[in-house]
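An overview of the molecular structure
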Amino acid sequence: MAENNEASTGATNGNGAQPTLNVLAQYVKDLSFESPGAPNSLRGRDKAPGIAINVNVNANPLSEAQYDVLLTLNAKASFDKDVLFNVELVYGGVFNISGFPQEHMLPLLFIECPRLLFPFARQIIADATRNGGFPPLMLDPIDFAQMFQQKLAEDQAASKVKAS
């Protein structure tokens, strides 16, 4: 029975221990919602506002196996030159990660951890915009793997520029 379980959960790390990724805590580190033109910004419009969204992920070790991962989401809605709303969320999670090879740590911290945090952060953004008098802003799913690959490519390009 244990053999079947091991096969279904993946490879071991060599000492027989299964790799684990556990969410120990999730929290709102910072939440800001601004609607500088309210109540005028709440009136109906004949076309949708432009919405700019920025996403960032940071990770910091807390101990040998625990990491604090911060997902930062900024969304700014504008119509013409007027800012309708600006919402910023820094949503964190404390993760216990053990048994993984070292080369898997960065993808875990910058792809898997934010992927686990995103649905909760998305709901907070939707609630904040709805509570601000606007339709809820439902962020599209984010491809954290693509973001990670893009960041690696940018870092490699920057190191080549510095080396020459």
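Each remark here, short or long, concerns the structure printed above.
These numbers were taken from a predicted model, which means no experiment stands behind them. (Residues numbered from 1 in each chain as written. Predicted model: local features only at pLDDT ≥ 70, side-chain atom pairs only at ≥ 80, totals over all residues. Heavy atoms only, no water.)

**Points about the packing of aromatic side chains**
Short version of the rule: In this analysis, rings of Phe, Tyr and Trp, with Trp reduced to its six-membered ring, are considered paired at centre separations within 6.5 Å, and the interplanar angle assigns stacked below 30 degrees, edge-to-face beyond 60, and tilted for intermediate values. Comment: elements are numbered from the N terminus, with helices defined as DSSP H or I runs of at least four residues and strands as E runs of at least two. Exposure is judged per residue with a 1.4 Å probe applied to protein chains only, and the accessible area is read against the type maximum: over 50% gives exposed, under 20% gives buried, and values in between give partly exposed.
Under the counting rule described, the total for this entry stands at 5 aromatic pairs. Ring geometry for Phe33 and Phe85: centres 5.9 Å apart, planes at 25 degrees, overall stacked. Taken together, the residues span a long stretch of sequence, with Phe33 in strand β1 (residues 20-34) and Phe85 in strand β4 (residues 82-98) at a distance of 52 residues. With a relative accessible area of 27%, Phe33 lands in the partly exposed category. Phe85 gets classed as buried once you look at its relative accessible area, which sits at 5%. Measuring from ring centre to ring centre gives 6.4 Å for Phe33 and Phe134, while their planes differ by 55 degrees; the resulting arrangement is tilted. With Phe33 in strand β1 and Phe134 in the loop between α2 (105-131) and α3 (144-163), the pair connects residues that are 101 residues apart, well separated along the chain. Here the aromatic residues Phe33, Phe85 and Phe134 are joined through ring pairs into a cluster of three or more.

**Digging into the pattern of salt bridges**
Definition in use: The salt bridge criterion pairs a side-chain nitrogen of Lys or Arg with a carboxyl oxygen of Asp or Glu, the two atoms within 4 Å.
All chains considered together, the criterion is met by 3 salt bridges. A salt bridge links Glu112 to Arg115; its shortest N-O distance comes to 2.9 Å. With Glu112 and Arg115 both in helix α2 and 3 residues apart, this pair spans about one turn of that helix. The class of Glu112 is partly exposed, set by a relative accessible area of 31%.

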